[in-house]
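If you want the building blocks of each chain, they are given just below.
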Amino acid sequence: MNAQFKKGVLELIVLLCVDHKDRYGYELIVEVSNIVDINDGTIYPLLKRLTNEKYFETYLVESSEGPSRKYYKITELGKKRVDELKKSWLEFSESINHFIKESELHDKK
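Residues numbered from 1 in each chain as written. Predicted model: local features only at pLDDT ≥ 70, side-chain atom pairs only at ≥ 80, totals over all residues. Heavy atoms only, no water.

Chemist: Which parts of the structure should I look at to understand the sheet that holds strand S3 (residues 66-74)?
Modeler: Taken together, the three strands give an open sheet; going across it, the order is S1-S3-S2, and neighbouring strands pair in antiparallel fashion. Each edge of the open sheet is held by one strand with a lone partner, namely strand S1 (23-24) and strand S2 (56-63). Where S1 and S3 come together, two bridges link them in antiparallel fashion. The residue bridging Arg23 from the neighbouring strand is Tyr72, located in S3. (Pairing = 2+ DSSP bridges. Helix = DSSP H or I, 4+ residues; strand = E, 2+ residues; numbered from the N terminus.)

Take a look at the structure:
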């Protein structure tokens, strides 16, 4: 996938993943990697920004496999942001899909 496409939709994907259930950093990396190919170092700065912007709250959970895990929980402000981004994405993708279909019709003439 084009790097600019990924960059534009990554915030929405991360917000949606945490909207479904609270997650810790590595769990998010695995989940997002199933959707788009990303580097491990891509998610943590995004999580920090989303937390600073009050879209996420964090809490620690003890782990039997090592240090405590920091979990991310979506806030009400984060839920509003998800709705905004979903609406924008759907409008954008619908517009682009329409343009592609129109282009294909013109190419067949």
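Chemist: What am I meant to see in the nonpolar core here?
Modeler: Nonpolar side chains in soluble globular proteins tend to end up buried together. Core analysis: the biggest nonpolar cluster contains 23 residues, and Val14, Leu15, Val32, Ile43 and Phe56 have the highest contact counts within it. Elements with a minimum of two residues in this core: helix H1 (3-20), helix H2 (25-33), helix H3 (40-52), S3 and helix H4 (76-108). With eight residues, H1 is the single largest residue contributor to this core. (Core = buried A, V, L, I, M, F, W, Y, C linked by side-chain atoms within 4.5 Å. Buried < 20%, exposed > 50% of the residue type's maximum accessible area, 1.4 Å probe, protein only.)

Chemist: Looking at this model, I keep getting lost on the pattern of salt bridges. Mind explaining?
Modeler: A pair can form between side chains of opposite charge whenever their charged atoms are brought close. Throughout the structure, instances matching the rule amount to nine salt bridges. Its salt-bridge partner being Glu84, residue Arg81 comes within 3.5 Å of it at the nearest N-O pair. Of this pair, Arg81 and Glu84 both sit in helix H4, three residues apart, roughly one helical turn. For Arg81, a relative accessible area of 21% puts it in the partly exposed group. Since its relative accessible area comes to 45%, Glu84 is described here as partly exposed. One network of salt bridges, with partners in common, ties together Glu11, Arg49, Glu53, Arg81 and Glu84. (Salt bridge = Lys/Arg side-chain N within 4 Å of Asp/Glu carboxyl O.)

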